[in-house]
Amino acid sequence: MKLCRYGKNGFEKPGMIDAQGNIRDLSAVVSQIDQATISPAGLAKLRKIKAETLPLVKGEPRLGVPYVGISKFIAIGLNYADHAREANMAIPPEPIVFMKATTSITGPNDKVIVPRNSTKLDWEVELGVVICKKAQYVPEDKALDYVAGYCVVNDVSERAFQLQSSQWDKGKGCDTFGPIGPWLVSTDEIRDPQNLDMWLDVNGRRMQKGNTRTMIFGVAKLVSYCSQFMTLLPGDILTTGTPPGVGMGMKPEPTFLKPGDVMNLGIQGLGEQRQDVVAYPG
């Protein structure tokens, strides 16, 4: 089951993707895709619906973030061994946890804005994990029971901001640094989150190519680990790290984004994103 929200920013309607990839209008069933919708009971209700019986949405409307109600945007750093090596950083003995500001969240195809004083704007294709029910001190062998589904995340990063101190958050939370979507794909469609191909192109050139099987810490470990230190609520999203190929690691010289660049990225079974990079309008 693939859920989405479509329409103008702030006026999105709930949708479901059918077998042909078309958007179907879900608004007669639910008024919003929110914490209740993505709860175990809410998802069980939606699974009874055949997408082809819903009204077809015509045209190609804007896609928003696939659900609302994100109280925490949690991120994991250096979670692919080959990415850690390209960043000249040691493989971490336990997950590196940081937060992205919820104000960074945007739709999957919305513009990425270069912030003021930015000099090292970078990309990171990542697997997003969406929580379906309250999670506290969850054992690893039960962790996937707390997952509603998965989505594509671009963990857009400003490396100069990020590396000014030991705290990464200020280089990760600028406006438009958190594209999510196009869909929230339920766990019944993604049986094994540790075997998904992922990729990212800049201006048509393949920069990142990887697979979630090379994560240092898998999805179950990360959900369990984070729940030991904070309560995870329905709708919270955990973005799980990126494979090699980021701009900071390019040889012989780093490569960074500038206005006019275009990013295309995707993950197997989860859809694709596209973002135009634009200058700050002020």
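All values derive from a computational prediction rather than experimental measurement.

Quick look at the side chain of Ser 224
Relative to the assigned elements, Ser 224 resides in helix H4 (residues 219-227). If near-sequence neighbours (up to four positions away) are discounted, Ser 224 is found in contact with Val 138, Pro 139, Glu 140 and Ala 143.

Regarding the environment of Val 147
Within the secondary structure, Val 147 is located in strand E10 (residues 147-154). Judged by relative accessible area, Val 147 falls into the buried class, the value being 5%. Each C-alpha atom, one on Val 147 and one on Arg 206, is 30 Å from the other, the two residues being 59 residues apart in sequence.

A closer look at the sheet that holds strand E14 (residues 197-202)
Judged by pairing direction, the sheet is mixed, and its five strands sit side by side in the order E7-E18-E17-E14-E15 without closing on themselves. Edge strands, defined here as strands with exactly one partner in the open sheet, are strand E7 (112-114) and strand E15 (205-211). The average angle at which neighbouring strand axes cross in this sheet is 20 degrees, direction not considered. Pairing of E7 with strand E18 (residues 271-279), which is carried by three bridges, proceeds in the parallel orientation.

Remarks on the sheet that holds strand E2 (residues 13-17)
If you walk across this open sheet you meet the nine strands as E3-E2-E1-E13-E10-E9-E16-E4-E5, and the pairing is mixed. The outermost strands of the open sheet, each flanked by one partner alone, are strand E3 (23-25) and strand E5 (96-99). The average undirected angle you get between the axes of adjacent strands in this sheet is 30 degrees. Across three bridges, the pairing between E2 and E3 is antiparallel. Bridge assignment links Ile 17 to a residue of E3, and that residue is Ile 23. Each of strand E4 (73-77), E5, strand E9 (125-131), E10 and strand E16 (237-239) is contacted by H4, which is oriented at about 55 degrees to E9, the strand it contacts most.

Quick word on the packing of aromatic side chains
Two descriptors summarise a pair of aromatic rings, namely the distance from one centre to the other and the angle between the planes of the rings. Inspection of every chain in the model, using the stated rule, returns two aromatic pairs. Just above the ring of Tyr 146 sits the side chain of Lys 133; from NZ or CZ to the centre is 4.7 Å.

A short note on the pattern of salt bridges
Counted by the stated rule, this structure contains 15 salt bridges. Glu 124 is paired through a salt bridge with Arg 159; the nearest N and O atoms lie 2.8 Å apart. Highlighted residues: Glu 124 in the loop between strand E8 (121-122) and E9 and Arg 159 in helix H3 (residues 159-162), separated in sequence by 35 residues. According to the relative accessible area criterion, Glu 124 is buried, its value standing at 4%. One salt bridge in this structure joins Asp 155 and Lys 172, with 2.9 Å as the shortest N-O distance. You can see Asp 155 sitting in the loop between E10 and strand E11 (157-158) and its partner Lys 172 sitting in the loop between H3 and strand E12 (178-179), a full 17 residues away along the chain. Each member of the pair Asp 155 and Lys 172 is classed as buried. Through salt bridges with shared partners, a single ionic network connects Lys 100, Asp 122, Glu 124, Asp 155, Arg 159 and Lys 172.

Parameters at a glance
- Residues take numbers from 1 onward in each chain, read along the sequence in its written order.
- Confidence filtering applies because this is a predicted model: local features only for residues at pLDDT of at least 70, side-chain atom pairs given and counted only at 80 or more, and all residues used for totals across whole chains, interfaces and linings.
- Values shown for side chains rest on all heavy atoms present in the structure; no hydrogens or waters enter the calculation.
- Labels follow the DSSP assignment, with helices taken as runs of H or I lasting at least four residues and strands as runs of E lasting at least two, numbered in each case from the N terminus.
- Should any heavy atoms of two residues lie within 4.5 Å, those residues are counted as being in contact.
- Residue burial is assigned from relative accessible area. The probe radius is 1.4 Å, only protein chains are included, and a residue is buried under 20% of its type maximum, exposed over 50%, and partly exposed in between.
- Note: two strands are recorded as paired if DSSP finds a minimum of 2 bridges between them.
- Here, axes are lines fitted to C-alpha atoms. For helices the fit covers the stretch in contact, and angles between N-to-C directions go from 0 to 180 degrees.
- To pair, rings of Phe, Tyr and Trp, with the six-membered ring standing in for Trp, must have centres within 6.5 Å; the planes then decide the type, stacked if under 30 degrees apart, edge-to-face if over 60, and tilted in the middle.
- When the NZ atom of lysine or the CZ atom of arginine is within 6 Å of a ring's centre and also within 35 degrees of its normal, the charge is said to sit over that ring.
- Salt-bridge detection follows one rule: a side-chain nitrogen of Lys or Arg within 4 Å of a carboxyl oxygen of Asp or Glu.

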